[in-house]
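The residues making up each chain are set out below.
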Amino acid sequence: MNSLSILSGVLLFFACSFVGLWLKKRFNRKASFYEEYYRYILYALDKISYERMPINEIKDSFCVGKVTEFTSYLLGDPSTSPLSEAEMENVGKYLSEIGTTDADTQIASLGGKCAEMKRFCENDVVKYRKDGTLYFKLSVLLGIVAFIIIV
Amino acid sequence: MLEGVLTKPILRRLPSTVTEVRLRRRRPLSYLTARGRTISEYIISDTEFENVLSLVTEHSLYAITDKLVNGYIPLRGGLRVGVAGEGVMDGERVKTIKHITSLSLRIPHQIFGIADFLHIDGYFDQNILIVSPPGAGKTTLLREIARCLSECGKCVTVLDERGEISGACGKEFALDVGANTDVLFGFPKKLSYENALRALSPEYIVTDELSGERDVEGVMRAYYGGVRVVATLHGGTLDVFHGDFIPLKAVFDRLILLSRIPRVGTVKEDVVR
């Protein structure tokens, strides 16, 4: 009986820790996606401002040598994205709008988006990472508490 | 050449000999071949027109804004798309074109041997002006002259602002302008005359569609610099030396008038002065 409860406690502890780890990873994936998105907007702004490079070439050159969830999404595979449907729609809508206006308007739009994304990365994305770590710690703590209660 | 530029339903309706395609919103598809113009029963819908526009701009309208304000979009392989729509002004400057309603695609052709009547050889030494109305084969003849001069060992520089003569696309040329030819592509005409004369030491400068004071200035500079010029000009007769073009009267030794009748590229007059 005693050894069974210890085993159950250990299993519960590991289960809680695993959930915490999963949550942390999920938040980190989301943060990485947005950081890469921001880098892409900066890259596109640079290429459009100085080279007037067509959008497909910008996508290709940005993705060379990179295999991330954002680059997969950019190259047409939305299945790997860690974002929610509404968030994906938001990102997709902006990306599809690039290339539909003249150079001056496009550069102004990307400049505005860069400023917005910079603020977003400094506040929300940092918060995503903190939240992920927090959820992981809470899950581990929950596992310890469960272990103590059961044992 | 038109794959990737036009949609499949349009491509299916075009013959292989097509030289020009015209798309107008909610209007029938029309195209030109050596036999003449055909107006098809196929109506271009708004959606299809937008799709073609998106394809010709490579989904990057910003990348061709500078060209668009001049009324055309240059494409790979020397294809040129003329654009009609509403101009958006920013003071005196046309900022862009919106509400685009018409696209006119011109497909370049290379016809070897059409300049044989000029008997170009290593001793050839003439300034040539080719005159014709639009669509009579000026650029095709010009391209062949450039190739022949080049093959005869002349050092040729082609001033190809729109990429129509050489079919310039990045580092490659879709059309043959000769092995001994340098191409200045994408430069405004005025700059390209200067660059060619200073840096490329050509024996012949070949250029398309002279239009106005700046071009005349460039041709005169080349002429006084001892460089031969082969150029084209829009016109219906050889009586073209008026207004801005008066100084050119002293330059050109040979005038060629092309006609579309009975077929594109017919030499109607060939005058050696």
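The structure we're discussing is the one just above.
Procedures and definitions
- Residues numbered from 1 in each chain as written.
- Chains lettered and ligands numbered in written order.
- Predicted model: local features only at pLDDT ≥ 70, side-chain atom pairs only at ≥ 80, totals over all residues.
- Heavy atoms only, no water.
- Helix = DSSP H or I, 4+ residues; strand = E, 2+ residues; numbered from the N terminus.
- Rg over C-alpha atoms; globule rule 2.2 N^0.38 Å.
- Contact = heavy atoms within 4.5 Å.
- Areas by Shrake-Rupley, 256 points an atom, 1.4 Å probe, with all protein chains shown as cover.
- Lys, Arg positive; Asp, Glu negative; His and termini not counted.
- Charge placed at Lys NZ, Arg CZ, Asp CG, Glu CD.
- 1 Å grid on protein atoms, 1.4 Å probe; cavity = no way out; pocket = protein on both sides within 12 Å on 5 of 7 lines; lining within 4 Å.
- Points joined across faces, edges and corners; volume = space filled by probe spheres on them.
- Nonpolar A, V, L, I, M, F, W, Y, C, P; charged D, E, K, R; others polar.
- Salt bridge = Lys/Arg side-chain N within 4 Å of Asp/Glu carboxyl O.
- Polar contact = N/O pair within 3.5 Å; in protein donor to acceptor, adjacent residues only side chain to side chain.
- Pairing = 2+ DSSP bridges.
- Axes fitted to C-alpha atoms, helices over the stretch in contact; angles between N-to-C directions.

J.: For this particular structure, what's the right way to read the overall build of chain A?
T.: Broken down by element type, chain A carries five helices and zero strands. Here the C-alpha atoms of chain A give a radius of gyration of 21 Å, more than 25% beyond the 15 Å that 2.2 N^0.38 yields for 151 residues. Its C-alpha atoms give chain A principal-axis dimensions of about 75 × 25 × 25 Å. At a minimum sequence separation of 6, the contacts of chain A that also span at least 24 residues come to 71%. Accessible area of chain A: about 8,900 Å², with a carbon and sulfur share of 63%. Put simply, chain A has 18 plus and 18 minus side-chain charges, and the middle of one group is 8 Å from the middle of the other.

J.: What am I meant to see in empty space enclosed by the protein here?
T.: To find the voids left in a structure, one rolls a probe of water-molecule size over its atoms. Residue and element names in this part refer to chain B. With the rule as written, the count across this model stands at one cavity of 30 Å³ or more. A volume near 40 Å³ is recorded for the largest cavity. Taken together, Lys190, Tyr193, Arg214, Glu217, Gly218 and Arg221 make up the lining of the largest cavity. At the level of secondary structure, the elements contributing two or more residues to the lining of the largest cavity comprise helix 5 (189-200) and helix 6 (213-224). Sort the elements by how many residues they give to the lining of the largest cavity and helix 6 lands first, with four residues. For the lining of the largest cavity, the residue count by class is one nonpolar, one polar and four charged.

J.: In this structure, what is going on with the interface of chain B and chain A? I would like to understand it.
T.: Interface size is often expressed as the accessible area that is lost when the parts come together. Counting residues at the interface gives 12 residues for chain B and 17 residues for chain A. Salt-bridge contacts for Arg93(B) lead to Asp104(A); the nearest nitrogen and oxygen are separated by 3.3 Å. Here chain B and chain A share seven residue pairs in polar contact (both at pLDDT 80 or more) between them. By residue class, the composition of the side of chain B that touches chain A is three nonpolar, four polar and five charged.

J.: Explain the sheet that holds strand 7 (residues 128-132) of chain B to me, please; I cannot follow it from the model alone.
T.: What links the strands of a sheet is backbone hydrogen bonding, and the strands pair in either a parallel or an antiparallel sense. All names here are of chain B. Taken in spatial order, the seven strands line up as 11-8-12-13-7-14-15 in an open sheet, and their pairing is mixed. Strands at the two margins of the open sheet, each flanked by one partner only, are strand 11 (181-185) and strand 15 (266-272). Each adjacent strand pair in this sheet contributes to an overall mean axis angle of 15°, direction not counted. Note that strand 7 and strand 14 (residues 254-259) share four bridges and pair parallel. Note on strand 14: the bridge partner recorded for valine 131 is leucine 257. Contacts from helix 5 reach strand 8 (156-160), strand 11 and strand 12 (204-207), with the element oriented near 160° to strand 8.

By themselves, these are just geometric observations and shouldn't be taken as functional.
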